[in-house]
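The primary structure of each chain is shown beneath.
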Amino acid sequence: MGRRIFLLGLVLALLGTPLAVDKNNFKTCEQSSFCRRLRKYEPGNSVYHLDLSSLQVNENSIEASLVNSEVPAANLKLHLQAVVGNIFRVTVDEVNGLHPRYKPQFALNGEPQVNKLEVLERNLETVTVKCGSNKVKVTANPLKLEFYQSEQLVAVVNGKGLFAFEHYRNKPAEGETDVQIKDDPGAWEENFKSHHDSKPRGPSAIGADFSFPGSERAYGLPEHGDYLPLRTTGTGGNDPYRLYNLDVFEYELDSTMATYGSIPVLYAHGTKHTVGVFWHNAAETWVDINNSKDGNMVSSLVNLVSGSKTEANVDARFMSESGAMDFFVLMGPTPRDAVKQYASLTGVHTLPQLFALAYHQSRWNYNDQDDVTNVVAKFDIHNMPLDVMWLDIEYTDSKKYFTWDPIKFSQPENMVSNLTGTGRKLVVIIDPHIKREAGYFLHEDALKYDFYVKNKEGNVYEGWCWPGSSSYLDVYNPAAQDYYKKLYSLEFFKGTTHDVWLWNDMNEPSVFNGPEVTMPKDMVHYGGWEHRDVHNEYASAYIRITHQGLLLRSPHRRPFILTRGHFAGSQRFAATWTGDNEAKWSHLAASLPMCLSEALSGLSFCGADVGGFFHNPDPELLQRWYQGGIWLPFFRAHAHIDTRRREPFLYPDEVMSNIRHSLRLRYAHLPLWYTLFWEHETTGEPVIRPLFYHYPEDEKVLDIDNTVLVGQSVLARPVTTAGETSVEVYLPGGSNAKWYDIEDYNLYQGGSHKVPVSLDKHVVFYRGGSIIPRKDRPRRSSTVMHNDPFTLYVALDSNNAASGTLYVDDYQSFEYKNDKKYLYVHFKFENNKLTSSLIDKTDYATEEWIERVIILGPVNKHVSKAKITSKSLGVATLEVSYDAEYKSLTIRKPAVSVREPFTIELV
Ligand SMILES: *[C@@H]1O[C@H](CO)[C@@H](O)[C@H](O)[C@H]1NC(C)=O
Ligand SMILES: *[C@@H]1O[C@H](CO)[C@@H](O)[C@H](O)[C@H]1NC(C)=O
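Remember, predicted model here, so these are calculated numbers, not experimental data.

Quick notes on the rules
- Residues numbered from 1 in each chain as written.
- Chains lettered and ligands numbered in written order.
- Predicted model: local features only at pLDDT ≥ 70, side-chain atom pairs only at ≥ 80, totals over all residues.
- Heavy atoms only, no water.
- Salt bridge = Lys/Arg side-chain N within 4 Å of Asp/Glu carboxyl O.
- Helix = DSSP H or I, 4+ residues; strand = E, 2+ residues; numbered from the N terminus.
- Buried < 20%, exposed > 50% of the residue type's maximum accessible area, 1.4 Å probe, protein only.
- Contact = heavy atoms within 4.5 Å.
- Pairing = 2+ DSSP bridges.
- Axes fitted to C-alpha atoms, helices over the stretch in contact; angles between N-to-C directions.
- Core = buried A, V, L, I, M, F, W, Y, C linked by side-chain atoms within 4.5 Å.
- UniProt positions renumbered as here; feature names shortened; annotations may be inferred.
- Near = heavy atom within 4 Å.
- Polar contact = N/O pair within 3.5 Å; in protein donor to acceptor, adjacent residues only side chain to side chain.
- Nonpolar A, V, L, I, M, F, W, Y, C, P; charged D, E, K, R; others polar.
- Expected span 1.5 Å × (residues − 1).
- Disulfide = S-S within 2.5 Å.

Let's shift gears to the pattern of salt bridges. In this structure the tally under the stated criterion is 51 salt bridges. For the salt bridge of R89 with D326, the shortest nitrogen-to-oxygen distance reads 2.7 Å. Here D326 lies in strand β19 (residues 325-330) and R89 lies in strand β4 (residues 87-94), a separation of 237 residues in the sequence. What makes R89 buried here is its relative accessible area of 7%. Among the charged side chains, a salt-bridge network with shared partners connects R242, E284, E321, E516, K521, E530 and R532.

With respect to the helices, strands and loops of the structure, L562 is situated in strand β27 (residues 561-563). Placed 356 residues apart in sequence, L562 and I206 show a C-alpha to C-alpha distance of 32 Å. In this structure, L562 is in contact with W390, L502, W503, N504, A575, T576, W577, F634 and R636, ignoring residues within four places of it in sequence.

The sheet contact formed by strand β43 (residues 823-830) and strand β44 (residues 833-838) spans six bridges and is antiparallel. Bridging across to β44, K828 finds its partner in T835. Counting the residues between successive antiparallel strands, the hairpin from β43 to β44 contains two residues, one of them, N831, with a positive phi of roughly 50°. Sheet topology places β44 next to strand β49 (residues 902-906); four bridges connect them, and they run antiparallel. Among the inter-strand pairings, K833 is bridged to a residue of β49, identified as E905.

Turning next to the sheet that holds strand β23 (residues 433-435). Read across the sheet, three strands follow the order β23-β25-β24 without closing on themselves; strand pairing throughout is antiparallel. At either end of the open sheet lies a strand with only one pairing partner, and these are β23 and β24 (463-465). For this sheet, the mean angle separating the axes of adjacent strands, direction not counted, is 60°.

Here we come to the nonpolar core. Grouped together as the largest cluster of nonpolar side chains are 223 residues, with contacts concentrated most on L391, L426, I430, Y484, F560 and W631. A per-element tally of this core places helix α13 (residues 585-600) first, with nine residues. Formed by 52 residues, the second largest nonpolar core is a distinct cluster that contains L66, L76, A155 and L230.

The sites that UniProt annotates as "domain: Glycoside hydrolase family 31 TIM barrel" (unreviewed entry) are residues 350-676. The span residues 350-676 carries 34% helix and 12% strand; its end-to-end C-alpha distance comes to 11 Å.

Lining the immediate environment of ligand 2, one finds Q369, D370, T373, Q411, N414, M415 and N418. A distance of 3.0 Å separates an oxygen atom of ligand 2 from a polar atom in the side chain of T373. Here N414 contributes a side-chain N or O atom positioned 2.7 Å from a nitrogen atom of ligand 2. For the shell around ligand 2, the secondary-structure elements that each account for two or more residues are α7 (369-381) and α8 (412-420). Here the residues of the shell around ligand 2 sort into one nonpolar, five polar and one charged.

It is worth spelling out helix α12 (residues 538-553) at this point. Counted at 1.5 Å a residue, the expected span for α12 with its 16 residues is 22 Å, and the 23 Å between its end C-alpha atoms agrees. Along α12, 13 of the 16 residues are buried, which leaves the element largely enclosed by surrounding structure.

Considering all chains together, one arrives at two disulfides under this definition. The disulfide bridge from C29 ends at C35, spanning 2.1 Å between sulfur atoms. Given an S-S torsion of about -95°, the disulfide between C29 and C35 has left-handed geometry. Exposure class is identical for C29 and C35. Each is buried. Between the sulfur atoms of C595 and its disulfide mate C606 the distance is 2.1 Å. Residues C595 and C606 are joined by a disulfide whose S-S torsion is about -70°; by sign, that bridge is left-handed. Of the two residues, C595 is situated in helix α13 and C606 in strand β30 (residues 606-607); the sequence distance between them amounts to 11 residues. Taken as a pair, C595 and C606 share a single burial class, namely buried.

In structure tokens:
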């Protein structure tokens, strides 16, 4: 939840104006002084050159002095390094600068492993280095870096000459025609005054331009309420994409405005190659995009009309307020490679417990402990599965975290044991603002031990949030981290158990009376860093403690945490969601590109509040939202305190039955989701994927963001508009590709189709060529499904073949990691024979078995028998029947354990 009940909103409501984001609260590039300064640089005037006489060649890197010809006193060094896995890293920093420059501490999953770099050619004008089949040509004057995949130029840095590195100075140099200061008289004074240690340092922004020849689209840079392909900025009133974690009340769609999360990774993609840039900086950042092929751009329309062809080209320009310059070039060459390269740097979400992939029921707020108990009972009465109940801020004793409201939640132990006794879990919220109230242990301790963020005068910073006057723990202080993580212990946080998990909200951080609803940039963190330096990383630093605290509390359970604020690398600690969305069709539609963008940027475990947070969805929207929500990795219904109750059992039978059907489809596919999360952990592949990820050569998919691939085998195209009787869906793979409707098994060829949609229809397909493991027995929670048998759906391709994987373990502990107690199974169907084999040499004593095999699109309908062969069964005969309505073969009761390899042959 988390939003402001501010007077402003109230006034607007009284005036009858629909509530919407108040843009006046948030800066435009023009109002952000460094963005304005840097954006005024003219192309072609770069004042930076490398002094190649200073070139130093090391085994894994080269480095040389970088000279600013207008400010020779700036002593910069450029460092180019090869990183394992087709990645280059470029850093530029000041040597003996007045102040150190910040580098994010929690984005990278450890220091990247360096690779050998070979110098191909060097003289005083250029130096060319090689690593594997990739090459970088560095030109000295002006500075330019050209990146080649094999011999193909794919990325150019400073090709436009917009490189910027404002270096810290005591005062403007004598007679200096200071571009930054000349254009922005306020900047020097503003920065001068704002620094806490009253040592002047002046502006400190950095920036660089990147060109991607041959690229037709750019993707990434979440989080924005926007399409998946990034639009051209700077024209038509579009500001650059802003990356600055903010609590934006009623955020806008079709917008480049900042929202709760910031992940500075971008992928430039063309049908021939893909390349990525990860801009490793935690300060406020703006990114301009110029896409010569952008469908929205006038020039491309002109090109279409006149028939002239421009070479595809995407330009991007990163601008950050402070910090060292440090970026990685992900050399692809496919989207899949580039996304995995990014994951190799920033890490993955470790396999969640199974329940975390099931259905979550939340609202601000469940009124009291009886309400919680009753909601769960209603789900059971109406045969709707449910795994997790959520408690928003009202469960606390007047917004003091780690406490319970003494009246409404007087018996938390009892409530939790009632809940978890039925296999369910509880998630409670803990936010980073701390109520400044005498007698509140957390506040008193934080004061006593000096754990709070300070202002530049050295006093504790005070802001305003849910509890009223609040202060904020300095999550960069190791002693504060150590103290805070222990608060999650069961002894300390009474009422919690190993089945109670966490939600960290408002951690941008949200400060109701702060500039742009956040913490002022000149607040000071441990180590002397200004909030300006660490802002986008604050949420990550915070959830990292929660993660450590939960591991300490429950060492044998995989932690579940949901976070709103996020940054590069946050996936190692938590899942995320798209924040305070609205009960509108447009927000349902936006949930797909928003989560796809997060998934490409490392954060696969993403979802959107089902039903929309603000306002009341009508029953049609609610049903469609459940139908769409089940195909995103994190699946939670949530609602604002002012909305009407909307738990699915409150609706008429027909609505309830449609929602029940959606919930059951989600539960049936839990084995697939779980397998995909295991594969995410082991390979870095996202759990959900846009079409271009698997079909990079198909131009038709470049702009499709209403369709989600779950792994590689399921394609979902949720209905996201009102009153539809049919929807258009594009099924990729060409005319040879086969796709099967998952409900009636109708066969579709690759291409565009118009699919009729009744209100209960899911527009979802299995890709011919895949085998999907499901658990089809309806249950009340995932916990009671652990030992249920599987049904394998074998969707045949044009060669009558298919394959798939299944991952199985105890669904909750770390034994899969520590003791290799898991099964990773490969299924293959060809020549009328299904073969199951173990991919890894591991074992897990599961009771799960195969109860059914359903073959979609069989060639021969007249099969009545199959022969199963396995070690424990020997050879046995199975019954097979053809269903004419569903055009499928069913092999009944193989009754073989998934633990043992087997074959089933149709005879
Ligand atoms: C965008 O790119 C086009 C084509 O390369 C160029 O003509 C135009 O000037 C660029 N626009 C901006 C704002 O840089
Ligand atoms: C737990 O369940 C029991 C039995 O149904 C009920 O009497 C009690 O009120 C419940 N406790 C809470 C805190 O909801």
